Amino acid sequence: MGIPDPVSGERVKAIVVRRRDVSLTQAELEAHCRKYLTRYKLPYISSFETSCRKTSLGKVLRRALREAEPWSL
C-alpha cells in the first residue's frame, strides 16, 4: 500500500495478516523482502494485523485499510 511522503511522493507500507499456525517476525519479513524485491519496492513501514475486512468475493477492502491507518511517518 502506498502512503504519502513529502519528499518522494509515496512510500511502501506492508500490512501483514498473520495466520494462526505461522509465526513471522519483523526480521524474517525484512529478510524475505530484501531477497525477493528490488530496493525501491521494499516496505518503509510494516505492520502486523490479526485480520482485515474483505468484500463478499473475498478481496481485501483497500479503502477500509486506508481509512483505518494514520499516515504519519
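Refer to the structure above for everything that follows.
Residues numbered from 1 in each chain as written. Predicted model: local features only at pLDDT ≥ 70, side-chain atom pairs only at ≥ 80, totals over all residues. Heavy atoms only, no water.

S.K.: Would you take a moment to explain the environment of Y44 for this structure?
M.R.: You can see Y44 is positioned in the loop between helix 1 (26-36) and strand 3 (45-49). For Y44, a relative accessible area of 47% corresponds to the partly exposed category. Along the sequence, Y44 and A31 sit 13 residues apart, while their C-alpha atoms lie 13 Å from each other. (Helix = DSSP H or I, 4+ residues; strand = E, 2+ residues; numbered from the N terminus. Buried < 20%, exposed > 50% of the residue type's maximum accessible area, 1.4 Å probe, protein only.)

S.K.: How should I be thinking about the pairing of strand 1 (residues 2-5) in this particular structure?
M.R.: Bridge count between strand 1 and strand 2 (residues 9-17): four bridges; the pairing is antiparallel. Looking at the pairing, P4 lines up with E10 of strand 2. The loop that links strand 1 with its antiparallel partner strand 2 comprises three residues. (Pairing = 2+ DSSP bridges.)

S.K.: Explain the pattern of salt bridges to me, please; I cannot follow it from the model alone.
M.R.: Side-chain pairs of opposite charge can arise whenever the charged atoms involved come near each other. Within the structure shown, the criterion is met by two salt bridges. Measuring nitrogen to oxygen at the nearest pair gives 3.3 Å for the salt bridge that ties D5 to R11. The exposure class assigned to R11 is partly exposed, which follows from its relative accessible area of 27%. A salt bridge links E30 to R34; the nearest nitrogen and oxygen atoms lie 3.6 Å apart. With a gap of four residues between them, E30 and R34 both fall in helix 1, about one helical turn apart. According to the relative accessible area criterion, E30 is partly exposed, its value standing at 35%. (Salt bridge = Lys/Arg side-chain N within 4 Å of Asp/Glu carboxyl O.)

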